[in-house]
Amino acid sequence: MGKHIQIGALVEKEHGLSAYNDISSLKGVLYAFLETGRSNDLFSEKQFGEFGEAAILTMVVEAKEKNNVLERLVKSLNIDANGEGLVFEETDILKVSHV
């Protein structure tokens, strides 16, 4: 296993914003990015006709901390209870540059 992995989540915008604030300063999170937009699937609440506001949260995490970060992310997003959203883990990141 490499030193770093990528973790991502696609969720409703409101949940993404609160999760970003909760997760971005956790031990082992090197980078956290939040993008927002609109999605026409996955979410039950549609603020714009067929579309709902969505957030994509992407993190670069130290591999040794991934389980802690994933557990905190699922709790923060309340994904296990509300059943709306996706959380994924990507393969190892080969190089992380600290600029």
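Residues numbered from 1 in each chain as written. Predicted model: local features only at pLDDT ≥ 70, side-chain atom pairs only at ≥ 80, totals over all residues. Heavy atoms only, no water.

Within the structure shown, the criterion is met by three salt bridges. Residue Lys27 is joined to Glu65 by a salt bridge in which the shortest nitrogen-to-oxygen separation is 3.7 Å. With Lys27 in the loop between helix H1 (13-23) and strand S2 (29-39) and Glu65 in the loop between strand S3 (52-62) and helix H2 (66-77), this residue pair connects regions lying 38 residues apart in the sequence. With a relative accessible area of 10%, Glu65 lands in the buried category. Here Lys66 and Glu89 are joined by a salt bridge, their closest N and O atoms 3.0 Å apart. Remark: Glu89 occurs in strand S4 (residues 86-93) and Lys66 occurs in helix H2; sequence separation between them is 23 residues. In this structure Lys66 comes out as buried when scored by relative accessible area, which is 16%. (Salt bridge = Lys/Arg side-chain N within 4 Å of Asp/Glu carboxyl O. Helix = DSSP H or I, 4+ residues; strand = E, 2+ residues; numbered from the N terminus. Buried < 20%, exposed > 50% of the residue type's maximum accessible area, 1.4 Å probe, protein only.)

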